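Chain and residue survey
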Amino acid sequence: MAAASWYHRDISRVVAEELLAKAGRDGCFLVRDSESVSGAYALCLLFQRHVHTYRILPDDEGLLSVQTIQGIQAKCFRNLPDLIGAYQQPNNGLVTPLLYPVHRARQAADEDSDGEDSRGGRHVASTVPAGGAGAGAWLSAPVAGRTHISQQLHQRLQEQVHSSPASDFMGFMAEYLNHHLQLDLEALRHGHPQLRHLSTALVTACRALHRRIDFTLAGLETLARVFDPPVSPRSPAREQVSPGHRSPRPPAGASDPDLELLLNKISTVNHLLSSLEKKVLKSLQETVSRHNLALPSVAAAPPPAAKPLAVQSFEVKVGKSQRAALMVDVESGTVAISKRGSGSPEETIPQDKILQLIKYQSMQSKVRLVYDREPQRNLSKDFIFPSARKREAFCQLLQLMKIQHSNLDEPDLISVYVGTWNMGSTPPPRSLASWLTSRGLGRTQDETTACIPHDIYVIGTQENSLGDREWVEFLRASLKTLMAIDYRVVALQCLWSIKIVVLVKPEHERRISHVHTSSVKTGIANTLGNKGAVGVSFLFNGTSFGFVNCHLASGSEKIHRRNQNYSDILRSLVLGDKRLGAFDLTLRFTHLFWFGDLNYRLDMDVQDILAHITKKEFEALLAVDQLNLEREKNKVFLRFSEGDISFPPTYRYERGSRDSYMWQKFKPTGMRINVPSWCDRILWKSHPETHVVCNSYGCTDDIVTSDHSPVFATFEVGVTSQFVPKKAPGSGPEPLACIEWESIEVIVKTASRSKCYIEFHSYCLEEAQRSGENTSQSCDVPGFLKLGWSAKHLPVLNPILPDLEYLGDQHLLLSIKGVESCESYGECCIAMRSMISSMAQQFETFLFHRGEETGSMRGWMKVRVPKDRRSTRERLYEWISFEEEDAEPVADAPTCPKPPLQRLRSRPHSLPEPASGYTNPAYFIFEGVP
């Protein structure tokens, strides 16, 4: 039964306040799910332009009661409608009775009836026999050579068909049992558990259902547009109650029961389709075992030895005109410099003598090599490469040389490959070499470094018709052929045809821990998995990683639906440390990578788009890219980064070629235009003052089986390991490091006047800490609340280890929570590296909650380190720097190495650079700026 209209389910606090503000009358109210207590609710009530939030908590017997002011006897109710009815009367402990319910916005069913993502390349011949024979004729027809297994299953089907109204469907299934079951059984015996023929039969049998849903959805969408009110872009789209949350009893006549029945039927179809193949596979496997049809045993071949990296040569200019050659021998750990035409090197530099590489930002192809030639004498030489790509390849090879010849037990730096591809429901080509080696269009790997194996490969696909095991083994075999390394599987997570695979080098397998996987459906009514996301998270030694592969709503006009998909995924994916579950997903990981078929399009006439593509005028197209525009409005992917796009749109190509775009699609409802667009994207977000550099971002130009081109990005990522103190503990008390706060000021976007406290989380703390209530508060500007804490009300935090080297890698996560509701008003992350000092340092950062920017925080703090624990070391990634001078260190302050500047802009060119202060103009009112 449908929920009461004043019950808005899992909308956020920010959206609830916006809805009440629009209603505008004292006594307006709504109920939503609590963000802090599972199974509880939050009653939001507007009075005198402020929103008051009361928690509705269930007791052990499931009875509901409202937490109101002290002295008012709590009343218990069996359900929400009874509770709401009682509190519509005065003198019940609320600031005002519940007078005007704010109704939940009705929204049309989900999209994706346009068929642009429909399966291609899999044409199944009709199995309906001439003469119109029905299921009875199919079942009674003799089949020569039918096996005993098929006979048994066929007999079961005959027993079922007389009681089933789906005679045509049963005909398809009879055809499968008669002719194709043996083929699946034979494939299973040979180690291929994909049941291809069952999948084909189901696709054929469901084709009419697919067409009917397309037809019905097209009508529903048309009708919805007729009655669509002008709603806020942030109005909620989800109306699904998560498992474990009890649905309130709605008023009589609140919804048509036929619609509820339809949704239940769709959900049942979803469950049956997703479970049927597994059920058949299990049955056939048991049959194979029972009839001694042993599966073949595959002898494990020894993994091939890793290919040694050949000596690489680079032609460079030294000085103004002198030509020279640089020979990089990674295996022996040397760089040789020889004059052009000379057979022998003029100078050979061992890797341990190379002190620093300085990249010139003013000249992208120039680098300075600083090395130790004689005792107490350093030399430097400048080299100019033919291109910036050659310079990057040289730097990567020297980085690899340093890593291979270092004496470290654990790495400081790893390389991460991320790939995304909408496969268009067709099998992949035999070779994925260009995709897995980052070759093609855009910012690609140089040929000298393309085949250097990465430490981690993360492959995300959409509309992937291959079986899970088949796809994973195909990827592993491809990498073994290219890299001569037998990569290990960390995780595989699938949601229908959306898959994510994480592979690592064998030597890193022991470094991976705390692996978590999750998935979220965002298809029709958020119950179908044709759209949604899959995610994987894990720890690499001491560094947390998160990866999300998604397929968002399609259609040029469905920007808001895509934004809502992103919000739903952000809120619903269960990844990372459970202790950080209350924090925004984007803050739970040191590094979070988000990629997939995001489906954002270009807002421009198709002929103008084609003209710009022909001239390679990508900047003009990026200026009308929906994803860039939505990010500029702070609607999605707040504070994420993306590499510069210098490759053509990856969708919608003609299959079998990359020469032309198929932007017209003819359908029964008319012609649909799918403009060429950068649907396939890779973005990332990292904790502040960490090392992450994007070395490539592009697409292939030779994989043509799908209407999407595969996209790749490679990253150089700094990682930390389990810290071992150099100084053994003595018999006396250990000196402690301490984190001290002088003051904190917070501005949050809210209509509430609640008192707040701050929660402090960090892996360097034994347990979470919390502050006292805020000591100052003002709400002079409508919609914003300014809070302040003095040092007296802020805790002194003591990290578990006092060493500078350890503390420089740590981060603090802070959450602003209401005293009454215990719900978050925003969260943020502060890097401790730049706060290490004997004097207080100022910090300033943004607050996030559920993917939205909800305010800002600033203050003064210091991290004090004992004098005998201030030793540190240079990280492997810190010896490459940029052409910029560092500021002088503060006297008597321990110095912690700062990470180098990132070589890529943090945002696409089409987006403005963020302001140095609060980004929301309303925040400037507090600063006295008009």
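**Some thoughts on the overall build of the chain**
Regarding its fold elements, the chain presents 16 helices and 36 strands. Put simply, of all contacts in the chain between residues at least 6 apart along the chain, 69% involve residues at least 24 apart.

**Quick word on the sheet that holds strand β25 (residues 692–699)**
Pairing between the strands of a sheet is mediated by backbone hydrogen bonds and can be parallel or antiparallel. Here seven strands make up an open sheet; going across it, the order is β14-β25-β26-β13-β15-β17-β16 and the pairing mixed. Each edge of the sheet is formed by a strand with only one pairing partner; in this case those strands are β14 (441–443) and β16 (488–495). The mean angle between the axes of side-by-side strands here comes to 10 degrees, regardless of whether they run parallel or antiparallel. Across seven bridges, β16 lies against strand β17 (residues 498–504) in antiparallel orientation. Bridge assignment links R488 to a residue of β17, and that residue is V504. Contacts from helix α11 (residues 468–483) reach β15 (456–462), β16 and β17 within the one sheet, and its direction differs from that of β17 by about 40 degrees.

**Considering helix α13 (residues 606–614)**
Those residues of α13 lying buried are V606, I609, H612 and I613. Across the axial projection of α13, the buried residues extend over an arc of 120 degrees, all falling on one side. N-cap assignment for α13: the residue whose side-chain oxygen lies 3.0 Å from the backbone N of Q607 is D605. Phi for K616, located one or two positions after α13, is positive at around 55 degrees.

**Structural notes on the side chain of R681**
Structurally, R681 can be placed in strand β24 (residues 680–686). Given a relative accessible area of 1%, R681 falls into the buried group. Looking at R681, its side chain comes within polar contact range of the side chain of E642, at 2.7 Å. Only 3.0 Å separates the side chain of R681 from the backbone oxygen of W678, close enough to count as a polar contact. With near-sequence residues (within four places) excluded, R681 lies in contact with T420, W594, F595, G596, L598, D625, L627, N628, E642, I645 and Y697.

**Concerning the pattern of salt bridges**
Here the structure, examined in full by the defined rule, presents 40 salt bridges. Between K390 and D446 there is a salt bridge; the shortest N-O distance is 3.2 Å. Taken as a pair, K390 in helix α9 (residues 388–405) and D446 in the loop between β14 and β15 lie far apart in primary sequence, 56 residues in all. Residue D446 is classed as buried on the basis of its relative accessible area of 3%. Here K786 makes a salt bridge to E745, at a shortest N to O gap of 3.5 Å.

**With respect to unusual backbone geometry**
Omega for the peptide link from Y651 to R652 comes to 5 degrees, which places this bond in the cis form. Located in the positive-phi region is N599, a residue other than glycine, with phi close to 70 degrees. Tracing the sequence through the fold places N599 in the loop between β21 (591–597) and α13.

**Description of a nonpolar patch on the surface**
A cluster of nonpolar side chains, F666, M671 and I673, forms an exposed patch at the surface whose accessible area comes to about 330 Å². For M671, a relative accessible area of 41% gives the class partly exposed.

**Looking at the pairing of strand β33 (residues 824–831)**
Strand residues, when the strand is regular, have side chains that alternate between the two faces of the sheet. Extensive coverage of β33 is indicated by the burial of eight of its eight residues. The sheet contact formed by strand β32 (residues 811–818) and β33 spans seven bridges and is antiparallel. When the bridges of β33 are listed, K817 appears paired with S824. Where β32 folds back on β33, the antiparallel hairpin that results is connected by five residues, among which C822 adopts a positive phi of roughly 60 degrees.

**Some remarks on the environment of I609**
One can find I609 in helix α13. Judged by relative accessible area, I609 falls into the buried class, the value being 0%. On a C-alpha basis, the gap between I609 and S677 in space is 8.9 Å, while along the polypeptide they are 68 residues apart. Apart from the residues lying within four places of it in its own chain, the contact partners of I609 are L602, M604, L621, V675 and P676.

**Quick look at the side chain of D455**
In this fold, D455 is placed in the loop between β14 and β15. In this structure the side chain of D455 is engaged in a polar contact, spanning 2.8 Å, whose partner is the backbone nitrogen of S415. Within the structure, the side chain of D455 is placed 2.7 Å from the side chain of H508, a separation counted as a polar contact. Beyond its immediate chain neighbours, meaning those up to four positions away, D455 contacts I414, S415, Y487, L503, V504, K505 and H508.

**Considering the packing of aromatic side chains**
Evaluation of the coordinates by the stated rule reveals 25 aromatic pairs. Here the aromatic rings of Y417 and Y457 are separated by 5.2 Å at their centres, their planes lie at 40 degrees, and the arrangement is tilted. A residue pair is termed long-range when its members are at least 10 positions apart, and Y417 in strand β13 (residues 413–422) and Y457 in strand β15 qualify at 40 residues. Here the two residues Y417 and Y457 agree in accessibility, since each one is buried. One aromatic cluster is present, formed by F538, F545, F547, F593, W684 and F715 through successive ring pairs. Over the ring of Y100 we find R25, and its NZ or CZ is 3.7 Å from the ring centre. A cation sits over an aromatic face here: R639 above F846, 4.0 Å from the ring centre.

**Re the sheet that holds β24**
Overall, mixed pairing links the five strands, which are arranged β18-β19-β20-β21-β24 in an open sheet. In the strand order of this sheet, the two ends are held by β18 (512–521) and β24, each with one partner. Adjacent strand axes in the sheet meet at a mean angle of 10 degrees, parallel and antiparallel pairs treated alike. Bridge analysis of strand β20 (residues 543–551) against β21 gives seven bridges, and the strand direction is parallel. Across the sheet, F545 pairs through a bridge with H591, a residue of β21. Strands β18, β19 (532–540), β20 and β21 of the sheet are contacted by helix α12 (residues 559–572), whose axis makes an angle of about 140 degrees with β18.

Conventions and cut-offs
- Residues numbered from 1 in each chain as written.
- Predicted model: local features only at pLDDT ≥ 70, side-chain atom pairs only at ≥ 80, totals over all residues.
- Heavy atoms only, no water.
- Helix = DSSP H or I, 4+ residues; strand = E, 2+ residues; numbered from the N terminus.
- Contact = heavy atoms within 4.5 Å.
- Pairing = 2+ DSSP bridges.
- Axes fitted to C-alpha atoms, helices over the stretch in contact; angles between N-to-C directions.
- Buried < 20%, exposed > 50% of the residue type's maximum accessible area, 1.4 Å probe, protein only.
- Arc of directions from axis to C-beta.
- Polar contact = N/O pair within 3.5 Å; in protein donor to acceptor, adjacent residues only side chain to side chain.
- Salt bridge = Lys/Arg side-chain N within 4 Å of Asp/Glu carboxyl O.
- Patch = residues over 30% accessible without salt bridge, like charges linked within 9 Å, V, L, I, M, F, W, Y side chains within 5 Å.
- Areas by Shrake-Rupley, 256 points an atom, 1.4 Å probe, with all protein chains shown as cover.
- Phe/Tyr/Trp six-rings, centres within 6.5 Å; stacked < 30°, edge-to-face > 60°.
- Lys NZ or Arg CZ within 6 Å of the ring centre and 35° of its normal.

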